[in-house]
Amino acid sequence: QVQLVESGGGLVQPGGSLGLSCAASGSILRINDMGWYRQAPGKQRELVAIITRAGSTTYADSVKGRFTVSRDNAKNTVYLQMNSLNPEDAAVYYCNADGVPPEDPTMVYHYWGQGTQVTVSS
C-alpha cells in the first residue's frame, strides 16, 4: 500500500505565494514521474506540473514562470512553489506519483493524494 500525503494548502491573497509538498510512503521500489494536478469547481482535473526522476519538468502554460516543481528522491517527496497567485489558481491540488512496486518491477501504478485546497482571495 502506498500513500501520498499532501500539505501546505490554504488561503492566500492575490499576488501572494504558497508552497505545497507531497510525501510518498509505503511499499514502493521506485517512484518515476511525480506531479501536481488541480481541479476547480465545475472543471475537469488538469495538469499543473510534472517532474521526472531525473529532474526534467513540464508545466501547464497557465503556470509557467510562476510555479516551480521540485523533488527530493531520497525522501520520495515532491514540492510545488506557487508565486504570483491569482484567483484562477484556486482549486484543490492533487499530488500524483508513478510508482514501481517491489513485487513486480515491470509494473507502474499511478497513485493520488487526497488533495489540498488552495484559495486565492482578498
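As the structure is a computational prediction, the values presented were derived from the model and not from experiment.

(A) Representation of the pairing of strand S3 (residues 18-26). Pairing between strand S1 (residues 2-7) and S3: six bridges, direction antiparallel. Bridge pairing in S3 links glutamine 3 to serine 25. In this structure, S3 lies alongside strand S8 (residues 77-82), joined through six bridges in antiparallel fashion. Note that in S8 the partner of leucine 20 across the bridge is leucine 80.

(B) Highlighting the packing of aromatic side chains. Counted under the stated rule, the structure contains two aromatic pairs. Geometrically, the ring pair formed by tyrosine 37 and tryptophan 112 is edge-to-face, given 5.0 Å between the ring centres and 65° between the ring planes. On the criterion of sequence distance, the pair formed by tyrosine 37 in strand S4 (residues 30-39) and tryptophan 112 in strand S10 (residues 109-112) is long-range, its members being 75 residues apart. According to the relative accessible area criterion, tyrosine 37 is buried, its value standing at 19%. On the basis of relative accessibility, which here comes to 38%, the residue tryptophan 112 falls in the partly exposed class.

(C) Representation of the sheet that holds S3. Spatially, the four strands line up as an open sheet ordered S1-S3-S8-S7, and their pairing is antiparallel. This sheet does not close on itself; its edge strands, each paired only once, are S1 and strand S7 (67-72). Ignoring strand direction, the axes of neighbouring strands in this sheet form an average angle of 15°.

(D) Structural context of the pairing of S4. Summarising the sheet, S4 and strand S9 (residues 91-100) pair through eight bridges and their orientation is antiparallel. If you follow glutamine 39 over to S9, its bridge partner there is valine 92. In the sheet, S4 pairs with strand S5 (residues 46-51) via five bridges, with the strands oriented antiparallel. Bridging across to S5, arginine 38 finds its partner in glutamate 46.

Each value, and the rule that gives it
- The residue count restarts for each chain, going from 1 along the sequence in the order it is written.
- Per-residue local features are limited, in this predicted model, to residues with pLDDT of at least 70; the limit for side-chain atom pairs, both in listing and counting, is 80 or more; totals at the level of whole chains, interfaces and linings are taken over all residues.
- Side-chain metrics rest on all non-hydrogen atoms present in the structure, leaving aside hydrogens and water.
- Here the rule is simple: two strands pair whenever DSSP picks up at least two bridges between them.
- Put simply, DSSP H or I for four residues or longer makes a helix, DSSP E for two residues or longer makes a strand, and each gets a number counted from the N terminus.
- Two aromatic rings from Phe, Tyr or Trp, using only the six-membered ring of Trp, form a pair when their centres are within 6.5 Å; if the ring planes differ by under 30 degrees the pair is stacked, by over 60 it is edge-to-face, and anything between is tilted.
- Relative accessibility decides the category of a residue: with a 1.4 Å probe and only protein chains considered, values under 20% of the type maximum give buried, values over 50% give exposed, and everything between is partly exposed.
- Axis lines are fitted through C-alpha atoms, for helices just across the contact stretch, and the angle between N-to-C directions can take any value from 0 to 180 degrees.

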